[in-house]
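# Understanding the architecture of this molecule
So you can see what is in the structure, the chains are spelled out below.
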Amino acid sequence: MASDQDGTPTLFESQVRPILKAHCFPCHGEGKKLKGGLDLRLKHQMVQGGKSGTALVAGNPADSLIIKRVRSQEMPPGKRKLTAEETAILEQWIKEGAATARPEPKDLPLGFSISPVEAEHWAFQAIRSAELPTVKATNLVRNPIDQFLLSKLEAKGLSFGPEADRVTLIRRASFDLLGLPPTPKDVDDFLNDKAPDAYEKLIDRLLASAHHGERWGRHWLDVAGYADSEGYSGDDPVRKTAYKYRDYVIRSLNADKPWNQFITEQLAGDEMVRPPYEELPPEELDKLIATGFLRMAADGTGSPAVDQKAASNQHVADTLQIVGSSLLGLTIHCAQCHNHRYDPIPQLDYYRIRAIFEPALDVKNWRKPAAREIALFKEVDRQKADEIEKKAAKIDQERLKKQEAYIEQTLQKELAKLPEEMHEPLRTARNTPPPKRTPEQQKLLQAHPSVNVSAGSLYLYDSKAAADLKTYADKANKLRATKPMPDFIRALTEIPGKVPTTHLFERGDHEQPMEAVTPAGLMIFEPLGVSKIPLQTDKLPTTGRRFALAQSLTSGRHPLPARVIVNRIWLNHFGKGIVGTPADFGLLGEGPTHPELLDWLASDFMGGGWKMKRIHKLIMTSTSYRQDSKRRPDLEKVDPENRLLGRMSMHRLEAEAVRDAILAVSGKLNAKAFGPPVPVTHDEVGQVVVGNDIRNPGDGTPTGPVGPLAGEEFRRSVYIQVRRSLPLAVLESFDGPTMTPNCDIRHTSTVAPQALMMLNSRFIHEQAAFFAERVRKEAGNEPRAQVMHAWKLAYGVAPLDQELERAVVFLAKQTELFQMQKQAPNQPEPALRALTNLGQALLSANRFLYVD
């Protein structure tokens, strides 16, 4: 309660109204009818009261009807009641005299309305490039980011921490931009570069790496809800072509595609190109592939056992949630069943946004996943396929002709073994279709089965003839295998001329459609001129609604997309966003710690052509980013959570970076990019691993050990199949993303299964063995040299003297221990087993798993 803590009075607009809006407004002001004649949206209306009399007695909570009803749990109805804290705020406000921040209007029209406090919320204001603040320690300022951060630190009597050492900086930068550790050569090159711009050149080199798109593509795939399976139902069908969207994202980020273009292509790429799609050049085809963004939500409609109406409507709802959280940073899905309880988003807004997408996601004329696939078959390839098929069919005819001759020849031989008077009756019976055979004919054939010569049984009579015919199945099959095959794209498209009418659903129930609605953006942004969406855009075969939405979001006037994007960039560099709730910029989300910096970054981002790599370099070359992570007593006392960024925050590697770093250090990382995902399956003990499916189709039990995939199993984690029902164990242990329907923020846990994974996992054991083999190959057999090299591979730095000595002693003791044990067949010799143990210890240490 504000007045108890700092003397500030509790105010209706900022503290009480949000509580009433969440719990009471649906019945008392925003609904179609005013329950009990009581409107709770204005203080004076509460005093006026309803059918039961006044609801508010200023200064006297005990006599206020609203408190009595809340305390008795009579109101609000249903299971969702006010919390003890909310009730206390309401009582304190009444006790203090029920103050308002400003004069109230005489009344409000029944239904949804936006209060001044809601309209003034920071995230709903236009982006303005703030003036750069002045600071005392100008020598610490490398770019404007430092000025914004340092000004707040200095206001608290604080400053930046010292700069991190070069090994820490290159390791931090490599993981941030590539998701991989620097090699010993990378570290040595950086340490030996004495040029004043050595660090800037390092950042440029990392940004130019093909691995950059893999790292930052994974961040976007989280919020896009990327998955290689449909989910929704237990069978979880595989999406065979979803990977093309993943590859599109990686290519786009490597090319530093402007984000206004990147957003537009994902929302409306199909409205930017024209059929025939087969003739589109790659850069135009990418626009169609980009709409896979709108096909990432779980779609159970391909499974016949599910309720098709429920599944299709859920897919639409999940798609809108993905769009809202990724591009707007708002929980628009909370307005599906009723007006948003906290943000100024009426239920009407939700269905207006739905109307933008329904021409492509038409639940009345639903297209199942397979029906939405777009086949790409160029005319020249179709003609070639037809020519090959004609040649193969000719071979088939030759085979059939020869087959008939062989069968007749064999039949003659079999008939020759029988009396001549039986030849004609048997031939007649054999040539008569089975349903038309007389009982005598059936009996005759049963008595002489040898005359039942057929294409399927010929090999039993004449193996040479069967082999000769096989050369013709084989020749035709080989020829058909050369036919060009159509390619398929998982995309979102509209059917020209089919435009459904969108209806608002009563309480979000698709079985209860109410009034029709037209497409539009959010009402709160109407003053900024970014909410209008036309029913139909001229000169387009589609409605153009999604393209209009994309143009609105990237116009430079919309207050959210640029803020949301730069906040996510900041989050993935510093571990926490300027706004700590990256998918909720609304009234219930966290406010920005540095609002002026957020707006300056958003403005600079748009002004710089919506290019992300510029922002990366700006952030990473700042003094703020280059600080060490050491805690300081003065900083801890004032800012224990490090929200002012007076130092760098240490953070654990994400799940994919843990696995990829292990592969990189072991020397097994396969850098192959793009293409179909590497499959996952259960191994013989039930753990999900990389490998082809070895499960029994009947009961799902493993049929044996998982075999190798010719090096494919060592590819980066972004290329591993994302099967909703089969999360890869090593990723799941380290908080890999769960797509429900997307992952708008990664959470980091520290739990026992992580330690058990690093201790017992077959993957870790195998990689530790590869690590040991690499160390021995590159450093030789001398233990001290092995330890030095292992340390540099794992940590980027040589061990301290004490660490070196302890590791050498460990190797000697482990080698001696293994020498005393009986050697199993095919087991490595003792010294290599000891080196494997050391490698596993290095890969399992916090020093490997965390970045300073």
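The structure we're discussing is the one just above.
Residues numbered from 1 in each chain as written. Predicted model: local features only at pLDDT ≥ 70, side-chain atom pairs only at ≥ 80, totals over all residues. Heavy atoms only, no water.

### Quick look at the overall build of the protein
Formally: Strands are runs of DSSP state E lasting at least 2 residues, helices are runs of H or I lasting at least 4, and numbering of each runs from the N terminus. Per-residue and other accessible areas follow the Shrake-Rupley method at a 1.4 Å probe size, with only the shown protein chains counted as cover for residues. This count recognises Lys and Arg as positive and Asp and Glu as negative, with His and chain-terminal groups excluded. Charge coordinates come from a single atom per side chain, which is NZ of Lys, CZ of Arg, CG of Asp or CD of Glu.
Of the regular secondary structure elements, the protein holds 35 helices and 8 strands. For the C-alpha atoms alone, the extent of the protein along its principal axes is close to 120 × 80 × 55 Å. Carbon and sulfur atoms provide 55% of the accessible area of the protein, an area that totals close to 38,900 Å². Charged side chains of the protein number 113 positive and 109 negative; the gap between the two group centres comes to 2 Å.

### Regarding helix H8 (residues 166–178)
The line we're drawing: By this rule, a helix spans an expected 1.5 Å times one less than how many residues it contains. In this scheme, a residue with accessible area under 20% of its type's maximum is buried, one over 50% is exposed, and one in between is partly exposed, where area comes from a 1.4 Å probe on protein chains only. Contacts described as polar in this section are N or O atom pairs within 3.5 Å, which, within protein, must combine one atom able to donate a hydrogen with one able to accept it, while residues neighboring in sequence count only if both atoms come from side chains.
Over its 13 residues, H8 extends 17 Å from the first C-alpha to the last, a length consistent with the 18 Å expected when each residue adds 1.5 Å. The element H8 is largely enclosed, with a buried count of 12 among its 13 residues. Listed in full, the buried residues belonging to H8 are Val-167, Thr-168, Leu-169, Ile-170, Arg-171, Arg-172, Ala-173, Ser-174, Phe-175, Asp-176, Leu-177 and Leu-178. Its side-chain oxygen 3.1 Å from the backbone nitrogen of Val-167, Asp-165 forms the N-cap of H8. Once H8 finishes, Gly-179 follows within two positions and takes phi at roughly 75°, a positive value.

### Observations concerning the packing of aromatic side chains
Note the cut-off: Working definition: a ring pair exists when centres of Phe, Tyr or Trp rings (six-membered ring for Trp) sit within 6.5 Å. Plane angles under 30 degrees give stacked, over 60 give edge-to-face, the rest tilted. Any Lys NZ or Arg CZ found within 6 Å of a ring centre and within 35 degrees of that ring's normal is scored as a charge over the ring.
Within this structure, the stated rule accounts for 17 aromatic pairs. Three or more aromatic residues link up through ring pairs in this structure, and these residues are Trp-220, Tyr-245, Tyr-248, Trp-259, Phe-262 and Phe-293. Sitting over the ring of Tyr-625, Arg-172 keeps its end group 5.6 Å from the ring centre. Directly above the ring of Phe-818 sits Arg-833, whose terminal nitrogen or CZ lies 4.0 Å from the centroid.

### Structural notes on the nonpolar core
Basically, it comes down to this: In these notes, a set of buried Ala, Val, Leu, Ile, Met, Phe, Trp, Tyr and Cys residues joined through side-chain atoms within 4.5 Å is what counts as a nonpolar core. Whether two residues are in contact is decided by their heavy atoms: any pair within 4.5 Å suffices.
Within the largest apolar cluster, 124 residues are counted, with the highest numbers of intra-cluster contacts made by Trp-220, Tyr-245, Trp-259, Leu-267, Phe-357 and Trp-570. With residues near it in sequence (within four places) discarded, Trp-259 still touches Trp-220, Leu-253, Ile-565, Phe-605, Trp-610 and Met-612. Counting residues in each nonpolar core, the second largest holds 49 residues, with Leu-653, Ala-655, Ile-662 and Val-665 among its members.

### Notes on the packing of helix H18 (residues 379–416) against helix H22 (residues 463–480)
Which entries qualify depends on this criterion: Helix axes are fitted only over the stretch in contact, all axes being lines through C-alpha atoms; the angle between N-to-C directions runs from 0 to 180 degrees. For classification, angles of less than 35 degrees are called roughly parallel, those exceeding 145 degrees roughly antiparallel, those between 65 and 115 degrees roughly perpendicular, and all remaining angles oblique. Following the grouping adopted for this structure description, the nonpolar residues are Ala, Val, Leu, Ile, Met, Phe, Trp, Tyr, Cys and Pro, the charged ones are Asp, Glu, Lys and Arg, and the polar ones are all others, Gly among them.
Between H18 and H22, the shortest axis-to-axis distance is 9 Å and the interhelical angle comes to 170°. Looking at the two axes, H18 sits roughly antiparallel to H22. Counted together, Ile-388, Glu-389, Lys-391, Ala-392, Ala-393, Ile-395, Asp-396, Glu-398, Arg-399, Lys-402, Gln-403 and Tyr-406 of H18 and Ala-465, Asp-468, Leu-469, Tyr-472, Ala-473, Lys-475, Ala-476, Leu-479 and Arg-480 of H22 form the full contact between these two elements. Considering only residue class, the contact of H18 with H22 consists of 11 nonpolar, 1 polar and 9 charged.

### So, the environment of Ser-666
With respect to the helices and strands, the residue Ser-666 is situated in helix H28 (residues 655–666). Separated by 100 residues in sequence, Ser-666 and Glu-766 have C-alpha atoms that sit 9.3 Å apart. Once you skip the residues sitting within four places of it in the chain, Ser-666 turns out to touch Gln-767, Phe-770, Phe-771 and Arg-774. One polar contact links the side chain of Ser-666 to the main-chain amide nitrogen of Lys-668, over a distance of 3.4 Å. A polar contact is formed between the side chain of Ser-666 and the side chain of Gln-767, at a distance of 2.6 Å.

### Looking at the packing of helix H25 (residues 595–607) against helix H26 (residues 612–620)
Our working rule: In a left-handed crossing the near helix is turned counterclockwise from the far helix by less than a right angle, and in a right-handed crossing that turn is clockwise.
At a minimum axis separation of 9 Å, H25 and H26 run at an interaxial angle of 140°. By the angle between their directions, the pair H25 and H26 is classed as oblique. As H25 runs across H26, the sense of the crossing is right-handed. Counting all contacts with H25, which are made through Trp-600, Leu-601, Asp-604 and Phe-605, the residues of H26 involved are Met-612, Arg-614, Ile-615 and Leu-618. Of the residues that constitute the contact of H25 with H26, the class distribution is 6 nonpolar, no polar and 2 charged.

### Some points on the environment of Lys-244
Summarising the element assignment, Lys-244 is placed in helix H12 (residues 243–254). On the basis of relative accessibility, which here comes to 10%, the residue Lys-244 falls in the buried class. A C-alpha to C-alpha distance of 18 Å links Lys-244 and Asp-256, two positions 12 residues apart in sequence. The residues touching Lys-244, leaving out its near neighbours within four places in the chain, are Ile-289, Asp-487 and Phe-488. Here Asp-487 takes part through its side chain, which lies 2.4 Å from a polar atom of the side chain of Lys-244.

### Details of the environment of Thr-502
Within the fold, Thr-502 resides in strand S3 (residues 502–505). Separated by 16 residues in the primary sequence, Thr-502 and Thr-518 place their C-alpha atoms 7.1 Å from one another. Within the structure, Thr-502 has its side chain in polar contact with the side chain of Glu-358 (distance 2.7 Å).

### With respect to the side chain of Glu-654
Summarising the element assignment, Glu-654 is placed in the loop between strand S5 (651–652) and H28. Apart from the residues within four sequence positions on either side, Glu-654 is in contact with Arg-215, His-219 and Arg-746.

### Section: helix H15 (residues 308–328)
The end-to-end C-alpha distance of H15 is 29 Å, a good match for the 30 Å that 21 residues give at a rise of 1.5 Å each. Counting buried positions over the 21 residues of H15 gives 17, a clear majority of the element. One side-chain oxygen at the N-terminal end of H15 lies 3.1 Å from the backbone nitrogen of Lys-309; it belongs to Asp-307. Following H15 by one or two positions, Gly-329 adopts a phi angle in the positive range, close to 65°.

### Some thoughts on the pattern of salt bridges
Put simply, the test is: Salt-bridge detection follows one rule: a side-chain nitrogen of Lys or Arg within 4 Å of a carboxyl oxygen of Asp or Glu.
Evaluation of the coordinates by the stated rule reveals 56 salt bridges. In this structure, Asp-193 engages Lys-201 in a salt bridge whose closest nitrogen and oxygen atoms are separated by 3.1 Å. A salt bridge links Glu-230 to Arg-239; the shortest N-O distance between them is 2.9 Å. Across the pair, Arg-239 and Glu-230 agree in class, each one buried. Connected via shared salt-bridge partners are Arg-17, Lys-21, Glu-30 and Glu-118.

### Quick word on the side chain of Asp-362
Position of Asp-362 relative to the elements: it lies in the loop between helix H16 (347–357) and helix H17 (369–372). Of the side chains with opposite charge, Lys-364 comes closest to the buried, unpaired Asp-362, at an N-O distance of 5.1 Å. A polar contact of 3.0 Å, which involves the side chain of Asp-362, links it to the backbone nitrogen of Lys-364.

### Side note on a nonpolar patch on the surface
Our working rule: For patches, a residue must show more than 30% relative accessible area and have no salt bridge; joins then use 9 Å for like charges and 5 Å for nonpolar side chains, namely Val, Leu, Ile, Met, Phe, Trp and Tyr.
Taken together, Tyr-459, Leu-460 and Tyr-461 make up a surface patch of nonpolar side chains, about 330 Å² in accessible area. Within the secondary structure, Tyr-459 sits in helix H21 (residues 458–461).

### Considerations on the state of the cysteines
As a reminder, the rule being used: Pairs of cysteine sulfur atoms within 2.5 Å are what we label disulfides.
A complete count under the given rule lists 0 disulfides for this structure. Cys-334 forms no disulfide, and the closest cysteine sulfur to it belongs to Cys-337, at a distance of 9.5 Å.

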